[in-house]
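Coordinates in review
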Amino acid sequence: NAGVTQTPKFRILKIGQSMTLQCTQDMNHNYMYWYRQDPGMGLKLIYYSVGAGITDKGEVPNGYNVSRSTTEDFPLRLELAAPSQTSVYFCASSPLQGSFSGNTIYFGEGSWLTVV
Amino acid sequence: DAKTTQPTSMDCAEGRAANLPCNHSTISGNEYVYWYRQIHSQGPQYIIHGLKNNETNEMASLIITEDRKSSTLILPHATLRDTAVYYCIVPPKNQKVTFGIGTKLQVIP
């Protein structure tokens, strides 16, 4: 298994441009997540999904959109890039293991985005 | 959702045990405690998790107090490669998993 794969790994955007960060997982996990991490800070949840067709906002959703048309893919869309969106973005997934048990989360390697 | 509290940073001498505490006083009876670590700029990596019993695997040991309000992650013989940020989390039922700042562990030669 490749696990969680994110593309691109690095990207420089100009203010106002749009782009999509791609994320795919081959573990048939129900849950998928997008986090951002600013320098020296912790992870902030942007959006998450509990299954195909179902998404929900996290802690910092403004400026982002997501979709989940398949189990495998969970792309993150930035519509009008702003310097405040300069960050490292991590995609993650976890399996459905029954209620209340908590599930191990598997992370991708990250996507470094700079908005100038 | 149960919140967790961890010290911002800790130091540990190489070869000694690193004991990383976490407070989760609002944890519910059937919520698990999970630990992850993030080595510089990489994606966080799962370490261990537990419900009420102490747990051990090849990476670490997890000690959970009897009242479950706190836990300690133990790295028995810390190496320089264990320098990382360690996150203690209690995933909520809806799996809307958030991470705090974690504990930055510096292993000193």
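First, a word on scope: everything that follows refers to the structure included in this document. (Residues numbered from 1 in each chain as written. Chains lettered and ligands numbered in written order. Predicted model: local features only at pLDDT ≥ 70, side-chain atom pairs only at ≥ 80, totals over all residues. Heavy atoms only, no water.)

1. What about the state of the cysteines?
Enumeration according to the criterion identifies two disulfides over all chains in this entry. The disulfide partner of A:Cys23 is A:Cys91, and the gap between their sulfur atoms is 1.8 Å. Between A:Cys23 and A:Cys91 the sulfur-sulfur dihedral comes to about -75°; the bridge is accordingly left-handed. Placement of A:Cys23 in strand E3 (residues 19-25) and of A:Cys91 in strand E9 (residues 87-94) is noted, with a sequence separation of 68 residues between them. Neither A:Cys23 nor A:Cys91 differs from the other in exposure class; each is buried. A sulfur-sulfur distance of 2.1 Å marks the disulfide that ties B:Cys22 to B:Cys88. (Disulfide = S-S within 2.5 Å. Helix = DSSP H or I, 4+ residues; strand = E, 2+ residues; numbered from the N terminus. Buried < 20%, exposed > 50% of the residue type's maximum accessible area, 1.4 Å probe, protein only.)

2. Brief notes about the interface of chain A and chain B
Counting residues at the interface gives 24 residues for chain A and 22 residues for chain B. Carbon and sulfur atoms make up 58% of the surface buried where chain A meets chain B, a total of about 2000 Å² over both sides. Our enumeration of links across chain A and chain B arrives at zero salt bridges. Across the contact surface, chain A and chain B share six residue pairs in polar contact (both at pLDDT 80 or more). If you list the elements that add at least two residues to the side of chain A that touches chain B, you get strand E4 (31-37) and strand E5 (43-51) of chain A. (Contact = heavy atoms within 4.5 Å. Buried area = accessible area lost by both parts, 1.4 Å probe. Salt bridge = Lys/Arg side-chain N within 4 Å of Asp/Glu carboxyl O. Polar contact = N/O pair within 3.5 Å; in protein donor to acceptor, adjacent residues only side chain to side chain.)

3. Digging into the sheet that holds strand E6 (residues 61-64) of chain B
Residue and element names in this part refer to chain B. Taken in spatial order, the four strands make up an open sheet running E2-E7-E6-E5, and their pairing is antiparallel. Each edge of the sheet is formed by a strand with only one pairing partner; in this case those strands are strand E2 (18-23) and strand E5 (55-56). The pairing of E6 with strand E7 (residues 70-75) spans four bridges and is classified as antiparallel. Bridge assignment links Ile64 to a residue of E7, and that residue is Ser71. (Pairing = 2+ DSSP bridges.)

4. Examining the nonpolar core
Residue and element names in this part refer to chain B. Within the largest apolar cluster, 22 residues are counted, with the highest numbers of intra-cluster contacts made by Leu20, Trp35, Leu73, Leu75, Tyr86 and Leu105. Those elements that place two or more of their residues in this core are E2, strand E3 (33-38), strand E4 (45-50), E6, E7, strand E8 (84-89) and strand E9 (103-108). Leaving out residues up to four positions away in the same chain, Tyr86 has contacts with Gln6, Leu20, Trp35, Tyr36, Arg37, Ile47, Leu73, Leu75, Gly102, Thr103 and Leu105. (Core = buried A, V, L, I, M, F, W, Y, C linked by side-chain atoms within 4.5 Å.)

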